[in-house]
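Here's the letter readout for the chains.
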Amino acid sequence: MALPILSLMIFVPLIAAPLAYILGRYSERAVKIFVLLVSIVVFGIAIYSYASILFSGAGAEMSFEEGPWQWIPTFQGIDYHLGLDGLSGPLVLISAFLTILVVLGSWDLIKIRQPLYYALILFFEGSVIGVFTSLNLILFYVFWEIVLIPMFFFIGIWGGPRRKYAAMKFLLFTYTGSLIMLLGFLALYIFASPTFDMQALALVNIPFWLQTLASIATFVGFGVKLPVVPFHTWLPDAHVQAPAPISVFLAGVLLKMGGYGFIRVNLSLFPDASQTYSWIFMSIGLITMFYGAIVALKQTDMKRMIALTSINHMGFVLLGAYTFNLYGVSGAIFQMFNHAAAIGLLFMLTGYIHEQMGTREIPLLKGLMKRMPTTAVLLMLGSLAGMGLPMFANFLSEYMVIVGAISYNWGFAVAVLVPVITAAYFLWMIQRTIMTPLKNGTSVNDISSISALHLSIYLVPLILLLIFPWIVLNLTNVFAENLLQLVG
Amino acid sequence: MDTPMILMVLLGGIALFIPLVEIIFKGDMRGKFSSHLTIGALSLAILLVIYQPLTSPLELTESSSGLFRNDLMGLFFSVTVLIVSLFVAVASLDYMKGEPNEPIYYSLLLFSTLGMSLLAFSVDILMIAVAWELMSIPTYILTGFRKHDPKSNEAALKFFILGALSSGTILYGISLIYGLTGSTNLFQILEATSALTPGMYPVALLSMLLFIAGFGMKMAIVPFHMWIPDAYEGAPTTISALLSAGTKKAAFVVAIRVFVIALPVLVLDWQITFAFLALITMTLGNVAALTQKTITRLLAYSSIAQAGYMLIGITVSLQTELGLIGVLFHVFTHAVMQTGAFIAAAVVTKKIGQTHLNTYNGLGVRMPITALSLTVFLLALAGIPPLNGFWSKLVLFSAAIDGGFTWLAIAGVLNSAFSLGYYAWIIKRMYIDEGEVMSRVAEPLAFSSVLLSATAIIILTGIYPAPIYEFARLAVSTLGVI
């Protein structure tokens, strides 16, 4: 029997998590090293699996498939079934990649209750990879909910001053959304076909009314996570209160679960309803983009501004996914990948700036270029990535989504305005923080060169993918082509 | 092997013997001896009950008297209540240590457990009435066990008056049914009611309503729930666990037997009644739980809400097999997590001396094992996967959709989402808030072992729920087989 690669990626971190906690009670340094090693091992497995599906061109079908093995034999349809394809491959890779960076980023920033913190990081990683690789709706739901628990504690224990409020709000919003999604899954099970297997359900001819109802239910579940307007209100609070490394997880990994769900469940299982009502979903995506961009314009808290940028960028995913053309769908997946790296860098930078300067208020951060030159340069680069300038791969993915949307309908050309607004607020922020002359400011420490090196790692995939976009697009295009062919 | 008879001899015999300990031993030995004897008896009972389906599956023997039916449904419920009692007995090792009349406490506990187990097997409404009293009367005394505590007295009095009323209601229902059908055996009632003349229909309906009111009092259904928060608060907390996880479950098995086996003729009537009762029970339970200030009252209302979820299953029990499977599954999962939660509350009450929710601030640091297990119990109560509470709710909600009560499934789901509000609130207090005092508190071994084994059951049956599900499914599929 072949090695169960996907189960390894899920259960190595999940089993290592309690070990890390026990280890951490003896030495806090040991737990950091242990967790870093585990996350590197998982990343290694992720690269291996990614490379093997990339070079075999197997983006369309499931590779490394495990199962289906019956979970409750007499409750038909609940199976343990995993697989990796052109949609989940990039997301698993970026999750494993970000975990390493989160561990590195937490090294000096997190000072209290470290054993619990690092154990929860591994717990989070394992369950997120479980979400991206599950091929059974119940298994998917199980992992989907497990993710909430570490995130609740991350925000609640290590967060900012209003962390309790933000943690509860996050938990209640997402839990309500996912329960409604579960109702949709149950309706599918009972009215369409007695199975929760995604591949089996894709072959079933689900009646249109059921597709419509189920897409509404899943829209609530995935929409809260993505998030789309009007379910987004938990996100700015959660982001602002969460510690910087956890914001990386939130924006880089947790939000992707929503985008993944839309493509994996809504597009593949409810193609008729999704195509008929695609204009509604695309309009919601467009509203989300504009909302995120316009509200970000007037923010003074740098972290809140970046959180709203996340909303803005995730709107692209919804817009692209529902275009039902190659550019849009492939671009949406690519956008998720790029957004994770770019926004991670920006969040980490706000964390460092907050620690050194004691504030994140943009009007108060003057003369950053003089006071923290390395940080300022990185902030500039991160902002350029956030704007979608052709220096970084974000440009490509945003371009693909917009092209996809325009080829769906000319009206969606207004989406072009969003990057313009995004560029406006990023440039304005840079002008107010980096470019302003320094008046009687006290000297502060710039980030250490090790931190600078660690932050530069975020930029590696963004530059690499601009030059060699085939690394991701070869997979996502094959996946999207196959999906579009199946849904007709 | 005739399980009800064996249990009667084993548990009843020891329960009768234990008061003698008061005479034989002196001082500490009284409590020690009786508690260990009780734990031994309960463990032996669990082994005996489990042994039977493992060796001779599906052997449906009717006891010679015709009062009991030795089937899987009975075994399922008796295992559940025996586990609950065992947990309660082990936790009482520390909780009741040094209290006066310890042997009596254990004796009453065993009597009540015997009553619950017999209820699980009864197929004769007279036997049901007798077992019901055997289960109830010891719990009245146990509730008022702290005779110098006015709260305990008040709780016992309230509980007793309402309990006596409910017994009376049930007996009235029984007499009407006997008058209609000329029999007290559930299967014979089924035959007789299927030939009911339309003129007798209102009488049958009246007896059905009397049954719902009578059983509903123990099942914690709104509007018969008034006694619950007071009784749970006033009783020794371990006894609250027994009431909420044990007697309530026994009432459910009786309801299943009476309504599903004997009265399917009236299905249209009891179905719609249960559907509305389920809706108001879970909604009121959850809304009221949100405003509580003490842990015992909060858990009491949460227990009411959970009864509402189980009613969903009974509502659709005749449309789909999943309905009753869901009830049984949820009875088991809820019994374990609710006992665990009350016992965790008992540790805190015993060691810190208060039940107010503020006591729980910073508990994650002060009592790590208790806090961790309580977190697992609360998440399981809220239905977060992969804990077992998720699976039982999943089955219940699928059953509701399958049985044509989609609105009930939606209501249940919204209620679950709502309930996380107060469950997570306690978790937030334990791990995120800082308490006024942050010193470590010793956690007694007896409590920790119960809490950790309940946690282990919840996690293991959550990761691999198949055996429990299969047990419940077999129990349901052989329910009506004569």
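The rules we used
- Residues numbered from 1 in each chain as written.
- Chains lettered and ligands numbered in written order.
- Predicted model: local features only at pLDDT ≥ 70, side-chain atom pairs only at ≥ 80, totals over all residues.
- Helix = DSSP H or I, 4+ residues; strand = E, 2+ residues; numbered from the N terminus.
- Rg over C-alpha atoms; globule rule 2.2 N^0.38 Å.
- Buried ≥ 20, exposed ≤ 12 C-beta atoms within 10 Å, placed from the backbone.
- Contact = placed C-beta atoms within 7 Å.
- Expected span 1.5 Å × (residues − 1).
- Core = buried A, V, L, I, M, F, W, Y, C linked by C-beta atoms within 7 Å.
- Nonpolar A, V, L, I, M, F, W, Y, C, P; charged D, E, K, R; others polar.
- Axes fitted to C-alpha atoms, helices over the stretch in contact; angles between N-to-C directions.
- Parallel < 35°, antiparallel > 145°, perpendicular 65-115°, else oblique.
- Left-handed = near helix turned anticlockwise from the far one by under 90°.
- pLDDT = per-residue confidence, 0-100.

### Overview of the overall build of chain A
The helix and strand tally for chain A stands at 21 helices and 2 strands. For chain A, the C-alpha radius of gyration of 21 Å lies close to 23 Å, the compact-globule estimate for 488 residues. For chain A, the spread of C-alpha atoms along the three principal axes comes to 70 × 60 × 45 Å. For chain A, with 488 residues in total, the buried portion stands at 61%. Restricting to contacts in chain A with at least 6 residues of sequence separation, those with at least 24 account for 79%.

### Points about the overall build of chain B
Helices and strands together make up the secondary structure of chain B, namely 19 helices and 2 strands. For chain B, the proportion of its 482 residues judged to be buried stands at 62%. For chain B, the share of sequence-separated contacts (at least 6 apart) that also reach a separation of at least 24 residues comes to 80%.

### Observations regarding helix α5 (residues 125-143) of chain B
Residue and element names in this part refer to chain B. Over its 19 residues, α5 extends 26 Å from the first C-alpha to the last, a length consistent with the 27 Å expected when each residue adds 1.5 Å. Within α5 the residues assigned to the buried category are Ile-125, Met-127, Ile-128, Ala-131, Trp-132, Met-135, Ser-136, Pro-138, Thr-139, Tyr-140, Leu-142 and Thr-143. For α5, the elements touching its buried residues are α4 (102-121), α6 (150-181), α7 (186-194), α9 (227-234) and α10 (237-262).

### Quick notes on the nonpolar core
Counting 387 residues, the largest nonpolar core has Ala-91, Leu-119, Leu-328 and Ile-343 of chain B as its most contacted members. When sequence neighbours within four positions are dropped, the list of residues in contact with Leu-119 of chain B reads Ile-128, Ala-131, Trp-132, Met-135, Ala-250, Val-253 and Val-254 of chain B.

### A closer look at the environment of Gly-144 of chain B
All names here are of chain B. Residue placement: Gly-144 occurs in the loop between α5 and α6. Note on Gly-144: 23 C-beta atoms within 10 Å, which makes it buried. Between the C-alpha atoms of Gly-144 and Gly-234, which are 90 residues apart in sequence, the distance is 7.7 Å. Those residues in contact with Gly-144 that sit more than four places away from it in its chain are Ser-152, Asn-153, Ala-155 and Ala-156.

### Some remarks on the interface of chain A and chain B
Interfaces are often sized by the accessible area lost when the parts come together. If you look at the interface, chain A gives 27 residues, while chain B gives 23 residues. Sort the elements by how many residues they give to the side of chain A that touches chain B and helix α7 (residues 163-191) of chain A lands first, with 15 residues. A per-class count over the side of chain A that touches chain B returns 22 nonpolar, 3 polar and 2 charged.

### Re the environment of Asp-85 of chain A
All names here are of chain A. With respect to the secondary-structure elements, Asp-85 resides in the loop between β2 (79-84) and α3 (88-109). Note: C-alpha distance between Asp-85 and Gly-159 (74 residues apart in sequence) is 35 Å. With residues near it in sequence (within four places) discarded, Asp-85 still touches Gly-59, Ala-60, Glu-61, Met-62, Ser-63 and Phe-479.

### What to know about helix α1 (residues 5-24) of chain A
All names here are of chain A. A rise of 1.5 Å per residue sets the reference length of α1, with its 20 residues, at 28 Å; its end C-alpha atoms lie 28 Å apart and thus fit the reference within 8%. Listed as buried for α1 are Leu-6, Met-9, Ile-10, Pro-13, Ala-16, Ala-17, Ala-20 and Gly-24. Residues of α1 that are buried sit in contact with α2 (28-55), β1 (63-70), β2, α3 and α4 (114-133).

### Quick word on the environment of Val-41 of chain A
Residue and element names in this part refer to chain A. Tracing the backbone shows Val-41 in helix α2. Taking the number of C-beta atoms within 10 Å as the measure of exposure, Val-41 has 16 and is therefore partly exposed. Each C-alpha atom, one on Val-41 and one on Leu-364, is 42 Å from the other, the two residues being 323 residues apart in sequence.

### Concerning the packing of α7 of chain A against helix α16 (residues 388-402) of chain B
Between two packed helices, both the angle of their axes relative to each other and the distance between the axes serve to describe the pair. Relative to each other, α7 of chain A and α16 of chain B sit at 55 degrees, their axes nearing to 10 Å. By the angle between their directions, the pair α7 of chain A and α16 of chain B is classed as oblique. Seen from above, α7 of chain A lies across α16 of chain B with right-handed handedness. Of the residues in α16 of chain B, those in contact with Leu-186, Ala-187, Tyr-189 and Ile-190 of chain A of α7 of chain A are Phe-397, Ser-398, Ile-401 and Asp-402 of chain B. Of the residues in the contact of α7 of chain A with α16 of chain B, the class split is 6 nonpolar, 1 polar and 1 charged.

### Considerations on the confidence of the model for chain A
For chain A, per-residue confidence averages 91 on the pLDDT scale, and residues scoring 70 or more make up 99% of the total. Within chain A, the lowest mean pLDDT, 83, falls on helix α16 (residues 368-371) of chain A, and the highest, 95, falls on α4 of chain A.

### Side note on the packing of α7 of chain A against helix α9 (residues 208-225) of chain A
Residues and elements named next belong to chain A. At a minimum axis separation of 7 Å, α7 and α9 run at an interaxial angle of 155 degrees. On the basis of the axis angle, α7 is roughly antiparallel to α9. Read as a crossing pair, α7 and α9 show a hand that is left-handed. Across the interface between the two elements, Phe-173, Thr-174, Gly-177, Ser-178, Ile-180, Met-181, Leu-183, Gly-184, Ala-187, Leu-188 and Phe-191 of α7 pack against Leu-210, Leu-213, Ala-214, Ala-217, Thr-218, Val-220, Gly-221, Val-224 and Lys-225 of α9. Considering only residue class, the contact of α7 with α9 consists of 13 nonpolar, 6 polar and 1 charged.

### So, unusual backbone geometry
For the peptide bond that leads from Val-229 of chain A to Pro-230 of chain A, omega is 15 degrees, which places it in the cis range. With respect to the helices and strands, Pro-230 of chain A occurs in the loop between α9 and α10 (234-241). Pro-223 of chain B follows Val-222 of chain B through a cis peptide bond whose omega is 10 degrees. Mapping Pro-223 of chain B onto the fold places it in the loop between α8 (201-219) and α9. For Phe-64 of chain A, which is not glycine, the phi torsion reads 50 degrees and is therefore positive. Note on placement: Phe-64 of chain A falls in strand β1. The phi dihedral of Phe-324 of chain A is positive, around 55 degrees, even though this residue is not glycine. With respect to the secondary-structure elements, Phe-324 of chain A resides in the loop between α14 (302-321) and α15 (326-357).

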